[in-house]
Amino acid sequence: MLTRSLRNLKDQQFGFVTDGRLIVSLINLQAAGYTEEKLPALYQRLEQALPQIPGVLSASLSTYSPLEGNNWSEYVSIQGKPPDSSGMAPSWLRVGPHYFQTIGTRLLQGRLIDERDRPGAPGVAVVNDAFSRRFFPRENAIGHSFGMTDLGHSGDYEIIGIVEDTKYQDTRGPAYPTFFLPLLQVRPAEPLRGWVGAIELHLAGRPENLEPAVRKGIAEVDPNLTVLRMVSFDEQVARNFNQERLIARLAEVFGLLALILACLGLYGVTAYAVTRRTNEIGIRMALGADRKNVLGLVLRSALVQLGIGLAIGIPVALASGLALAGQLNGVKSSDPSILILAAVILATCALLAAAVPARRATKVDPLMALRYE
């Protein structure tokens, strides 16, 4: 049940597409000798060179990538609205042109950030649906302006688009209200500049087959750009489930051990009970009972015990499932397939435990069975 829940959780939609996507993490650009004045030229070269790599359908840059484990947040001031008093600062990041198309995030309304949103152009922003619902619950967010920090900067960025919610942090909880700014449209009051930490690539083939070509393409732009790691979106998402995966595997191991112990105990108790009835079996056979009658008698007795055990065990299992309901995703706490499988295994074990010694007893001469102790 836990493993199926983990699979469902990993396969659910996070607001981006994992298939055919690759994330490239770069070394700190300052360590590579870049200053803020050199960033526009570098980003332009990367945006031109990366899509030319064979197998790359589109490419974009961002400060961090979905489910990377990073998260920037900053309080915002909405033009024409009082300061937000909710106590939770929205998340934000800077992205280059074609970012949303590259990671597979759908546009819900308006337009996306593109090549016209450069330094010197009017400040724009794209927000996610959660941001729109929180700050503009009864109106359209498109066309409104906001800024970071105080009200004096509330007109820095105009909202030009709304995208679907994308998860950058918690895989289970709802997506945070998030806004996206063009990579190099930096205002003086902002706390962080337009430094890139990740490159996103949409690939035509498997990510691992194109890694050498991607490394070569980045080195041709600038040999000083050191690639820290290259990871597929699938792998980056999977890393967020390491703890859940460990718990699921431990639960599977302990569940299997419990089932084995239950089967061994059931077999031993039932076999012992049947062995003690050897005298009775001898008497019944001496009085004319055949082997089928003896087997039926023993199996019926074992099935009664099995029924009592299932009558107690199934409600306990259902209660345990309800207790674990908060840890399950996409799986009902009372998964019928799991309960049926466990019941079938226990029933098979009980039948074998009863049939093997009963069959052995039916082969004994009745006179010897009567003398059996």
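Above this text you will find the structure in question.
About the cut-offs
Residues numbered from 1 in each chain as written. Predicted model: local features only at pLDDT ≥ 70, side-chain atom pairs only at ≥ 80, totals over all residues. Heavy atoms only, no water. Helix = DSSP H or I, 4+ residues; strand = E, 2+ residues; numbered from the N terminus. Buried < 20%, exposed > 50% of the residue type's maximum accessible area, 1.4 Å probe, protein only. Contact = heavy atoms within 4.5 Å. Areas by Shrake-Rupley, 256 points an atom, 1.4 Å probe, with all protein chains shown as cover. Arc of directions from axis to C-beta. Phe/Tyr/Trp six-rings, centres within 6.5 Å; stacked < 30°, edge-to-face > 60°. Salt bridge = Lys/Arg side-chain N within 4 Å of Asp/Glu carboxyl O. Core = buried A, V, L, I, M, F, W, Y, C linked by side-chain atoms within 4.5 Å.

Section: the overall build of the protein
In step 1: When you go through the protein residue by residue, the secondary structure sums to eleven helices and twelve strands.
In step 2: Counting over 373 residues, the protein shows a buried share of 42%.
In step 3: In the protein, 80% of the contacts between residues at least 6 apart in sequence involve partners at least 24 apart.
In step 4: If you sum the accessible surface of the protein, you get close to 19,000 Å²; carbon and sulfur atoms cover 59% of it.

Regarding the environment of G309
In step 1: Mapped onto the elements, G309 comes out in helix α9 (residues 291–323).
In step 2: Each C-alpha atom of the pair G309 and L346 lies 9.6 Å from the other, and the pair is 37 residues apart in sequence.

Considering helix α8 (residues 278–286)
In step 1: Three or more residues of α8 are buried, namely T278, I281, G282 and M285. One side of α8 carries all its buried residues, which in axial view fall inside an arc of 100 degrees.

Describing the packing of aromatic side chains
Describing an aromatic ring pair means giving the distance of the ring centres and the angle of the ring planes.
In step 1: Enumeration over the complete set of coordinates arrives at 14 aromatic pairs.
In step 2: Ring plane angle 40 degrees and centroid distance 6.5 Å describe the contact between Y99 and F180, whose orientation is recorded as tilted. On the criterion of sequence distance, the pair formed by Y99 in helix α3 (residues 99–103) and F180 in strand β10 (residues 178–182) is long-range, its members being 81 residues apart. In this pair, the class of Y99 matches that of F180, namely buried.
In step 3: Ring geometry for F131 and F135: centres 4.6 Å apart, planes at 40 degrees, overall tilted.

Examining the pattern of salt bridges
In step 1: Throughout the structure, instances matching the rule amount to eight salt bridges.
In step 2: Between R118 and E47 there is a salt bridge whose closest N-O contact spans 3.0 Å. Highlighted residues: R118 in the loop between β6 (107–110) and β7 (124–128) and E47 in helix α2 (residues 39–49), separated in sequence by 71 residues.
In step 3: The salt bridge involving R133 is made with D129; its shortest N-O contact spans 2.6 Å. With R133 and D129 both in helix α4 (residues 129–135) and four residues apart, this pair spans about one turn of that helix.
In step 4: One network of salt bridges, with partners in common, ties together R111, D114, R116 and D117.

Quick look at the nonpolar core
In step 1: Counting 40 residues, the largest nonpolar core has Y99, F100, F131, F146, F179 and F180 as the members making the most contacts within it.
In step 2: It is strand β9 (residues 157–163) that provides the largest number of residues to this core, a total of five residues.
In step 3: Ignoring sequence-local partners within four residues, the contact set of F131 consists of V76, I78, P90, F136, I159, P177, T178 and F179.
In step 4: Counting 29 residues, the second largest nonpolar core, distinct from the first, contains L22, L29, I199 and L210.

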